[in-house]
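One-letter residues, chain by chain:
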Amino acid sequence: MPPGAVQALADRLGPLLDPGAVLSDRQQLRTYECDGLAHFRVTPALVVFPRTTAQCQAVVRVCVAEGVPYVARGSGTGLSGGALPHADGVLIVTAQMRTIHEIDIPNQRAVVDPGVVNLDVTREAMPHGYYYAPDPSSQQICSIGGNVAENSGGAHCLKYGFTVNHVTGCEVVTPDGEIVEMGGKAVDSPGYDLLGAFVGAEGTLGITTKVTLRLLRAPEVVQTLLAGFAGTDDAGAAVTAIISAGVVPAAVEMMDALAIEAAEAAVQCDYPEGAGAVLVVELDGPAAEVEHTFAAVRRHCRDNGAFEIRVAVDAAERALFWKGRKSAFAAVGRISPDYIVQDGVIPRTALSEVLRRISALSSDSGVRVANVFHAGDGNLHPLVLFDETIEGQAERAEEISGAILDLCIEHGGSITGEHGVGADKMIYMPRMFTDDDLVTMQLLRCAFDPPGLCNPGKIFPTPRLCGEVPGRHKGTHPLAEAGVADVF
Ligand SMILES: Cc1cc2nc3c(=O)[nH]c(=O)nc-3n(C[C@H](O)[C@H](O)[C@H](O)COP(=O)(O)OP(=O)(O)OC[C@H]3O[C@@H](n4cnc5c(N)ncnc54)[C@H](O)[C@@H]3O)c2cc1C
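Worth saying up front: this structure is predicted, and the values here are computed from it rather than measured.

## A short note on the layout of surface pockets
And then number 1: In this structure, the second largest pocket spans a volume of roughly 500 Å³.
And then number 2: Lining the second largest pocket we find 26 residues, and of these Gly-200, Ala-201, Glu-202, Met-441 and Ile-459 sit closest to its centre.
And then number 3: The biggest single contributor to the lining of the second largest pocket is helix 16 (residues 435-448), with 3 residues.
And then number 4: Its residues placed into classes, the lining of the second largest pocket shows 13 nonpolar, 9 polar and 4 charged.

## Observations concerning the environment of Phe-321
And then number 1: Looking at the element boundaries, Phe-321 is found in helix 11 (residues 315-326).
And then number 2: When sequence neighbours within four positions are dropped, the list of residues in contact with Phe-321 reads Thr-224, Leu-225, Leu-226, Tyr-271, Val-280, Arg-310, Val-311 and Ala-312.

## Here's the deal with the packing of aromatic side chains
And then number 1: In total, this model carries 2 aromatic pairs according to the counting rule given.
And then number 2: Ring geometry for Tyr-32 versus Phe-49: centroids 5.8 Å apart, planes at 70°, classification edge-to-face. Residue Tyr-32 is located in the loop between helix 2 (26-29) and strand 2 (46-48), and its partner Phe-49 is located in the loop between strand 2 and helix 3 (53-66); the two are separated by 17 residues in the primary sequence.
And then number 3: Relative to Tyr-160, the ring of Tyr-131 has its centre 6.4 Å away and its plane inclined at 90°; by these criteria the two rings are edge-to-face. One end of the pair, Tyr-131, is in strand 7 (residues 130-131); the other, Tyr-160, is in helix 6 (residues 157-160), with 29 residues separating them in the sequence.
And then number 4: You can call Tyr-131 buried: its relative accessible area is 12%.
And then number 5: The class of Tyr-160 is partly exposed, set by a relative accessible area of 21%.
And then number 6: Seen from the ring of Trp-322, Lys-326 lies directly overhead, with NZ or CZ sitting 5.6 Å from the centre.

## Some details on the nonpolar core
And then number 1: Among the nonpolar cores identified, the biggest contains 41 residues, and Met-254, Leu-279 and Leu-380 are the most heavily contacted of them.
And then number 2: Tallying contributions element by element places helix 14 (residues 393-410) first for this core, with 6 residues.
And then number 3: Here Leu-279 is in contact with Leu-225, Leu-226, Ala-227, Phe-229, Ala-235, Ala-238, Val-239, Val-252, Glu-253 and Met-254, once residues within four sequence places are set aside.
And then number 4: Within the second largest apolar cluster, 31 residues are counted, among which are Cys-63, Val-71, Ile-92 and Val-173.

## What about the sheet that holds strand 8 (residues 167-173)?
And then number 1: Pairing is antiparallel across the open sheet formed by 5 strands, whose spatial order is 5-6-10-8-9. Where the open sheet ends on each side, the last strands, each with one partner, are strand 5 (100-104) and strand 9 (179-183). Going from strand to strand, the sheet's axes swing by 10° on average, the running direction of each strand aside.
And then number 2: Its contacts with the sheet put helix 3 on strand 8, strand 9 and strand 10 (207-214), and the angle it makes with strand 8 is roughly 50°.

## Description of the site of the ligand
And then number 1: Inspection of the region around the ligand gives 34 residues, with Ala-72, Gly-74, Thr-77, Ser-138 and Ser-143 positioned closest.
And then number 2: Within the backbone of Gly-76, a nitrogen or oxygen atom sits 2.8 Å from an oxygen atom of the ligand.
And then number 3: At 2.6 Å from an oxygen atom of the ligand is found a side-chain nitrogen or oxygen belonging to Ser-138.
And then number 4: When the ligand sits alone it has 980 Å² of accessible area, and the protein chains cover 94% of it.

## Points about the sheet that holds strand 1 (residues 22-23)
And then number 1: An order of 1-2-4-3 is seen for the 4 strands of this open sheet, with the pairing classed as mixed. Bordering the open sheet on either side are strand 1 and strand 3 (70-73), each of which pairs with just one other strand.
And then number 2: Two elements, strand 1 and strand 2, share 2 bridges in a ladder whose sense is antiparallel. In the strand pairing of strand 2, Val-22 is matched with Val-48.
And then number 3: Along the sheet, helix 1 (residues 3-13) makes contact with strand 1, strand 2 and strand 4 (90-93), crossing strand 2 at roughly 10°.
And then number 4: Across the face of the sheet, helix 3 comes into contact with strand 2, strand 3 and strand 4 while running at roughly 165° to strand 4.

Calculation notes
- Residues numbered from 1 in each chain as written.
- Predicted model: local features only at pLDDT ≥ 70, side-chain atom pairs only at ≥ 80, totals over all residues.
- Heavy atoms only, no water.
- 1 Å grid on protein atoms, 1.4 Å probe; cavity = no way out; pocket = protein on both sides within 12 Å on 5 of 7 lines; lining within 4 Å.
- Points joined across faces, edges and corners; volume = space filled by probe spheres on them.
- Helix = DSSP H or I, 4+ residues; strand = E, 2+ residues; numbered from the N terminus.
- Nonpolar A, V, L, I, M, F, W, Y, C, P; charged D, E, K, R; others polar.
- Contact = heavy atoms within 4.5 Å.
- Phe/Tyr/Trp six-rings, centres within 6.5 Å; stacked < 30°, edge-to-face > 60°.
- Buried < 20%, exposed > 50% of the residue type's maximum accessible area, 1.4 Å probe, protein only.
- Lys NZ or Arg CZ within 6 Å of the ring centre and 35° of its normal.
- Core = buried A, V, L, I, M, F, W, Y, C linked by side-chain atoms within 4.5 Å.
- Pairing = 2+ DSSP bridges.
- Axes fitted to C-alpha atoms, helices over the stretch in contact; angles between N-to-C directions.
- Near = heavy atom within 4 Å.
- Polar contact = N/O pair within 3.5 Å; in protein donor to acceptor, adjacent residues only side chain to side chain.
- Areas by Shrake-Rupley, 256 points an atom, 1.4 Å probe, with all protein chains shown as cover.

Next up, the structure:
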């Protein structure tokens, strides 16, 4: 966008927002050039910070009127480049919309702004004996708006489900600048499940400006164990045994030797010495049920080779077990200057086999891979290590990273479990979906956003209809016929 046009846009947006809520200085804009996937970088033309729904709507309306692309951003912790800006566009940061409007205990709901930090919902609900279940490892900083867009998961989503299971309503500024309510405090509303489509749409169907969340009663008892195994084969077999026995733990997390090494270096979590893999297993619920199932979990760990099992005696020890796991992504920085956080899913019965294949890929290529992941639901997070300053290493790491996703698909899994497709994994979408699948998905997108201005260039690989639809299109598209979209 020419500098004059950027200035004109800034002049139009400034009066619609609070003082200082438009950034146009090049240096300041660079702060927003990437999310947690730092090797994708684009400097936006402008960054704006709406504080209210009305301000957000006003910004979207100007963008639509001027044909300017825009991208929503929460805390910027996304790991797939979902909040990657558009070079000729406006980055709409909702992180300053931070009000918790209601903690409605009788209805077990919270109504919050999109910029509210995930953990703050639980902090606010805890005094009432309630909490918000989805707990991404980034929960101390990531925003509810980002969680909704990514349908984020976390360690406890095995038992309680992902964000989509905990959002009952959203207020949204649609891509045509209207404010609509999808759902509310009730568990269901008649008609098409547009809220279901919106959650996990990675910010491509509009901007969330208020979210109604389900609150859960805090469990009576929580029991956590840490089990050390010789390797991931044994640990994987223990996971399969636990779940096959009908036990649904709140969380089952696995780390392999390299991930343990990194966590020890960073946070001294004191995991069992010599372990080739550890499991953190947590059970919660009524005391009698937890006592019974916890005994079964210990037995399955022992039967599958656990050489050390520790049970957290109090909240401090539980926190230490979790500290190693929750800090593992960042901790890998201690053992490698650069790394890719991969996110793929496999059926959990394939855990041992796929981990063996990842290990073979790693030793064949010489690229180190640390594994730390949600083992209970087969959501792998291989951390592919490299050093960007050594020629060819980044490319080799990308290759291994892609080969791991191929393994996931081959085993009937998925190219993403919780981090989203964003800008990072668009190229893998055709490996998992047919052209018809992709076109059908994009028809939904076009129905929300005919001009394709809302977070364009994400999720889908080849631009076409509404600037997004890949693949060959047969006949005249209904939206083109109706004169609301162009096919090119
Ligand atoms: C150390 C670390 C650990 C992590 N652990 C987990 C984990 O355990 N589980 C997990 O699922 N993820 C995890 N993540 C990824 C990330 O934290 C989540 O995807 C999170 O939901 C992103 O929230 P955010 O506020 O940072 O969103 P951003 O990164 O700012 O944006 C993410 C997406 O949401 C869209 N968006 C943001 N706000 C809005 C809005 N108001 N309306 C519409 N769209 C919007 C953006 O356009 C973008 O597509 C982790 C990340 C890090 C860095």
